[in-house]
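Here's the letter readout for the chains.
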Amino acid sequence: MDYKKIRAQFPFFKNNPDQIYFDSSATSLKPQIVIDAINNYYSHYGTNPHNIDSDLGYATNTQYKMIRSKIKHFINAKKDTEIIFTSGATYSLNQIAYGLGDLIKAGDEILITRQEHGANILPWYRLAAETKAQVKFLPETNFKIDLEQLTKVITAKTKIVSFSNVPNILGYENDPRKIIAVIKKINPHVIVVVDCAQGIIHMPTDVQKWDADFIAFSAHKIFGPTGIGILWGKEELLLKLKPLIVGGGMNTRIQSNGADYILKGLPDRLEGGTSNIADIFGFGAAIDFINMLTLEEIISYMHQLKQYAVEQFNQKLKDMVIIYNADAKVGTLIFNVKDVFCQDVATHLGSCNKIIVRSGDHCARLIGEIIPDKNTIRVSFSIYNSYEDIDHLVAAIANEKDFLGRMI
Ligand code: PMP
């Protein structure tokens, strides 16, 4: 992978040549083609894809459909109409939980892991509170869902299982295909949701091979714009979801008694209102960008960076740091500098060394139940990072012993 050529495609680095960006798990930087695609919509298309009575409206609608289809291929969905545009993974997960409300009753069980992001915890707690169902936890061994023990927690009461294939802190991969096979063998009625917000760029997504029921992800973590994401579901299940948003474009009739309206088919019934059209154009360009590089190459490069970072940390910072996920393949490094609060380290790196990392519990607020330190530093790699970036990080930590010492 020609790292320099790739990096040159990200205007962020032209405008911030001295910054090192290690927070791609929170949001990735955007290549020029994504920014151009957004600009292209506003500058050339301008029209609403719901209005196809003009040539330009038709052209916007055609692009819109092509992008939906591109995303279908990217995740290997069966039909374009199973791809629902939302504002992001958080919205998608909320739509699933809200939309299933009528199917859940008192005593039912919803299973998640302790590593989930708040977006894959709170919608389920709210659903449980409203229906008197119970949220329970999936068994984990070495930070992965334990397939053997899984057989003991799936019962006739299990209605929903929701887990991230790549959790946003430790990043140990859960294989959706194997997990879903175990669940459905015991109880084929369980609805399985995969939070792919991180996984979408760390492993190939194949919803048909996995036999998932729903997945959720955001464009902004995969080189696309903010404010746009995907809810995918099996057609028959999407049709059962009660829409979270009601309004224009999603119904065919409203009667004057107000109570009775007929919903359109998919995807419209779950896309009330005017969509984020410009960012959908940007999203399409982000998928093109990934396909051009190939997802496999991106994943492999991130693995190499992770491996190099672990080696360098072990060689040069061994007595100073604790690493929590050294053997996770995924391109994130979770660590703490001994006896120094993570945010002090992150602020020091960010403000004195221009190295942008993330600190805290990373919105996975139950993580403290499975690792000793709830708050950690997260360094997340992407294709625009280099081995030299990692050398700078290691040097910045190693050289700042005095400063960090004062923080104790
Ligand atoms: N799930 C996981 C695992 C995440 O990492 C995130 C974002 N940090 C989300 C869900 C929510 O994504 P968004 O904020 O884009 O809606």
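Residues numbered from 1 in each chain as written. Predicted model: local features only at pLDDT ≥ 70, side-chain atom pairs only at ≥ 80, totals over all residues. Heavy atoms only, no water.

Some thoughts on the site of the ligand
Around the ligand, the neighbouring residues are Ala89, Thr90, His117, Ala119, Asn168, Asp195, Ala197, Gln198, Ser218, His220 and Lys221. One of the backbone N or O atoms of Ala89 is found 3.4 Å from an oxygen atom in the ligand. Interatomic distance of 2.7 Å between a side-chain N/O atom of Lys221 and a nitrogen atom of the ligand. In isolation the ligand has 390 Å² of accessible area, and contact with the protein removes 86% of it. Residue composition of the shell around the ligand, by class: three nonpolar, six polar and two charged. (Near = heavy atom within 4 Å. Polar contact = N/O pair within 3.5 Å; in protein donor to acceptor, adjacent residues only side chain to side chain. Areas by Shrake-Rupley, 256 points an atom, 1.4 Å probe, with all protein chains shown as cover. Nonpolar A, V, L, I, M, F, W, Y, C, P; charged D, E, K, R; others polar.)

Considering the pairing of strand 9 (residues 214–218)
Among the five residues that make up strand 9, five are buried, leaving the element largely enclosed by the rest of the structure. Every second residue of strand 9 is oriented toward a common face, with Phe214, Ala216 and Ser218 on one face and Ile215 and Phe217 on the other, all of them buried. In this structure, strand 9 lies alongside strand 10 (residues 229–233), joined through five bridges in antiparallel fashion. Note that in strand 10 the partner of Ser218 across the bridge is Gly229. (Buried < 20%, exposed > 50% of the residue type's maximum accessible area, 1.4 Å probe, protein only. Helix = DSSP H or I, 4+ residues; strand = E, 2+ residues; numbered from the N terminus. Pairing = 2+ DSSP bridges.)

Some remarks on the packing of aromatic side chains
Inspection of the entire model under this criterion finds 19 aromatic pairs. Between the aromatic rings of Tyr308 and Tyr387, the centroid separation amounts to 5.0 Å while the plane-to-plane angle is 85°, which identifies the pairing as edge-to-face. With Tyr308 in helix 13 (residues 295–316) and Tyr387 in helix 15 (residues 387–398), this residue pair connects regions lying 79 residues apart in the sequence. The class for Tyr387 is partly exposed, based on a relative accessible area of 28%. Each residue in the set Phe10, Phe12, Phe13, Tyr21, Phe223, Phe289 and Tyr384 is aromatic and connected to the rest through ring pairs, giving one cluster. Between Arg7 and the ring centre of Phe13, over which it is positioned, the NZ or CZ distance is 3.8 Å. (Phe/Tyr/Trp six-rings, centres within 6.5 Å; stacked < 30°, edge-to-face > 60°. Lys NZ or Arg CZ within 6 Å of the ring centre and 35° of its normal.)

Considering a nonpolar patch on the surface
Nonpolar side chains collect at one region of the surface, where Val246, Ile254 and Tyr261 lie side by side and expose about 300 Å² of accessible area between them. Along the chain, Ile254 turns up in strand 11 (residues 251–254). Residue classification places Ile254 among the exposed residues on the basis of a relative accessible area of 58%. (Patch = residues over 30% accessible without salt bridge, like charges linked within 9 Å, V, L, I, M, F, W, Y side chains within 5 Å. Salt bridge = Lys/Arg side-chain N within 4 Å of Asp/Glu carboxyl O.)

A few points about the domain arrangement of the chain
Domain assignment breaks the chain into domain 1 (3–30 + 294–395) and domain 2 (33–292). Its C-alpha centre places domain 1 at a distance of 28 Å from the equivalent point of domain 2. Each partner contributes residues to the interface: domain 1 has 40 residues there, and domain 2 has 31 residues. Buried area between domain 1 and domain 2, both sides added, is near 3,000 Å², and the carbon and sulfur share of it is 63%. (Domains from an automatic or database assignment. Contact = heavy atoms within 4.5 Å. Buried area = accessible area lost by both parts, 1.4 Å probe.)

Some words on the sheet that holds strand 13 (residues 321–323)
Paired through backbone hydrogen bonds, the strands of a sheet run either parallel or antiparallel to each other. Pairing within the open sheet is antiparallel, and its four strands lie in the order 13-14-17-16. The sheet is open, and its two borders are formed by strand 13 and strand 16 (358–360), each paired with just one other strand. Taken pair by pair, the neighbouring strands of this sheet meet at an average axis angle of 30°, ignoring direction. Here three bridges tie strand 13 to strand 14 (residues 332–337), and the two strands are oriented antiparallel to one another. Counted as the bridge partner of Ile322 is Asn336 from strand 14. Sheet contacts for helix 14 (residues 342–352): strand 14, strand 16 and strand 17 (376–380); angle to strand 16, the most-contacted strand, approximately 160°. (Axes fitted to C-alpha atoms, helices over the stretch in contact; angles between N-to-C directions.)

Thoughts on the state of the cysteines
On inspection of all chains with the given rule, the structure shows zero disulfides. As a non-bridged cysteine, Cys342 has Cys363 as the owner of its nearest cysteine sulfur, 13 Å distant. Considering cysteine sulfurs only, Cys342 is the nearest to Cys352, which forms no disulfide, with 16 Å between them. (Disulfide = S-S within 2.5 Å.)

Examining the sheet that holds strand 4 (residues 134–137)
Spatially, the seven strands line up as an open sheet ordered 2-10-9-8-7-3-4, and their pairing is mixed. Single-partner strands in this sheet number two, and they are strand 2 (83–86) and strand 4. Neighbour-to-neighbour, the strand axes of this sheet turn through a mean angle of 20°, independent of strand direction. As judged from the four bridges shared by strand 2 and strand 10, these two strands associate in the antiparallel manner. The partner of Ile83 across the bridge, within strand 10, is Trp232. Against the sheet, helix 5 (residues 89–99) makes contact with strand 2, strand 8 (191–195), strand 9 and strand 10, and its axis sits at roughly 155° relative to strand 9, the strand it touches most. Taken strand by strand, helix 8 (residues 176–186) contacts strand 7 (158–164) and strand 8, and its axis lies near 160° from that of strand 8.

Comments concerning helix 8
Looking at helix 8, one finds that the buried residues are Pro176, Ile179, Ile180, Val182, Ile183 and Lys184. Along its buried surface, helix 8 packs onto strand 6 (144–145), helix 7 (147–153), strand 7, strand 8 and helix 10 (207–210). Two or three places before Arg177, at the start of helix 8, stands the capping residue Asp175, its side-chain oxygen 2.9 Å from that residue's backbone nitrogen.

Some remarks on the side chain of Asn168
One can find Asn168 in the loop between strand 7 and helix 8. Looking at Asn168, the relative accessible area reads 8%, which means it is buried. Polar side-chain contacts of Asn168 include one of 2.9 Å to the backbone oxygen of His362. Filtering out sequence-adjacent residues up to four positions away, Asn168 remains in contact with Gln115, His117, Gln198, His362, Ala364 and Arg378.

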